[in-house]
Amino acid sequence: QVQLVESGGGLVQAGGSLRPSCAASGRTFSMYAMGWFRQAPGKEREFVAAISGSGTFTYVADSVKGRFTISRDNAKNTVYLQMNSLKPEDTASYYCAARSNNMQGYNKPERYNYWGQGTQVTVSS
């Protein structure tokens, strides 16, 4: 079992930055690939970014490429999402998720076994 707790969301003006983080329980954090997804009201949950267990491989959705970066610190059991140049359309609840360290289907939420409760990101224009 892995428990995930997100923090670091908030309200920011367009063009600003935020860095949500996701803390995981357990001693085998490096065995899990991690992902960030987001969901806006009335929309489906969409992939944002993913990272392999060692941090060697990262993937970012085209909609946030060049603005968002995913990273992890396995010593702290934490994964981060650095969000720069935020836009109003980035407004959503952001969720971190964990799965076995297999990056196949990394952008599909149904491939992840564990989810956090989400953190709200609101970008004002």
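What counts, and at which threshold
Residues numbered from 1 in each chain as written. Predicted model: local features only at pLDDT ≥ 70, side-chain atom pairs only at ≥ 80, totals over all residues. Heavy atoms only, no water. Helix = DSSP H or I, 4+ residues; strand = E, 2+ residues; numbered from the N terminus. Contact = heavy atoms within 4.5 Å. Pairing = 2+ DSSP bridges. Axes fitted to C-alpha atoms, helices over the stretch in contact; angles between N-to-C directions. Buried < 20%, exposed > 50% of the residue type's maximum accessible area, 1.4 Å probe, protein only. Lys, Arg positive; Asp, Glu negative; His and termini not counted. Salt bridge = Lys/Arg side-chain N within 4 Å of Asp/Glu carboxyl O. Polar contact = N/O pair within 3.5 Å; in protein donor to acceptor, adjacent residues only side chain to side chain. Phe/Tyr/Trp six-rings, centres within 6.5 Å; stacked < 30°, edge-to-face > 60°.

The subject of this paragraph is the side chain of Thr119. By the element assignment, Thr119 lies in strand β11 (residues 119-124). Apart from the residues within four sequence positions on either side, Thr119 is in contact with Glu6, Ser7, Gly8, Gly9, Pro20, Ala92, Ser93 and Tyr94.

Spatially, four strands are ordered β1-β3-β8-β7 in an open sheet, and the strand pairing comes out antiparallel. Of all the strands in the sheet, the pair left with one neighbour each is β1 (4-7) and β7 (68-73). Here the average twist between neighbouring strands, direction ignored, is 15°.

Attention now goes to the side chain of Arg72. Tracing the backbone through its elements, the reader meets Arg72 in strand β7. For the buried Arg72, which has no salt bridge, the nearest side chain bearing the opposite charge is Asp73, at an N-O separation of 8.3 Å. One polar contact links Arg72 to Asn74, side chain to side chain, over a distance of 2.7 Å. In this view, Arg72 contacts Phe29, Ser30, Tyr32, Ala33, Met34, Ile51, Ser52, Gly53, Gly55, Thr78, Val79 and Tyr80; residues no more than four positions away in its chain are not counted.

Moving on to the packing of aromatic side chains. In total, this model carries seven aromatic pairs according to the counting rule given. Their ring planes at 80° and their centres at 6.2 Å tell us that Tyr32 and Tyr114 sit as a pair that is edge-to-face. One end of the pair, Tyr32, is in strand β4 (residues 32-39); the other, Tyr114, is in strand β10 (residues 114-115), and 82 residues separate them in sequence. Taking relative accessible area as the criterion, Tyr114 reaches 21% and is therefore assigned partly exposed. Ring plane angle 55° and centroid distance 5.2 Å describe the contact between Phe37 and Trp115, whose orientation is recorded as tilted.

These figures come from the coordinates and say nothing about function on their own.
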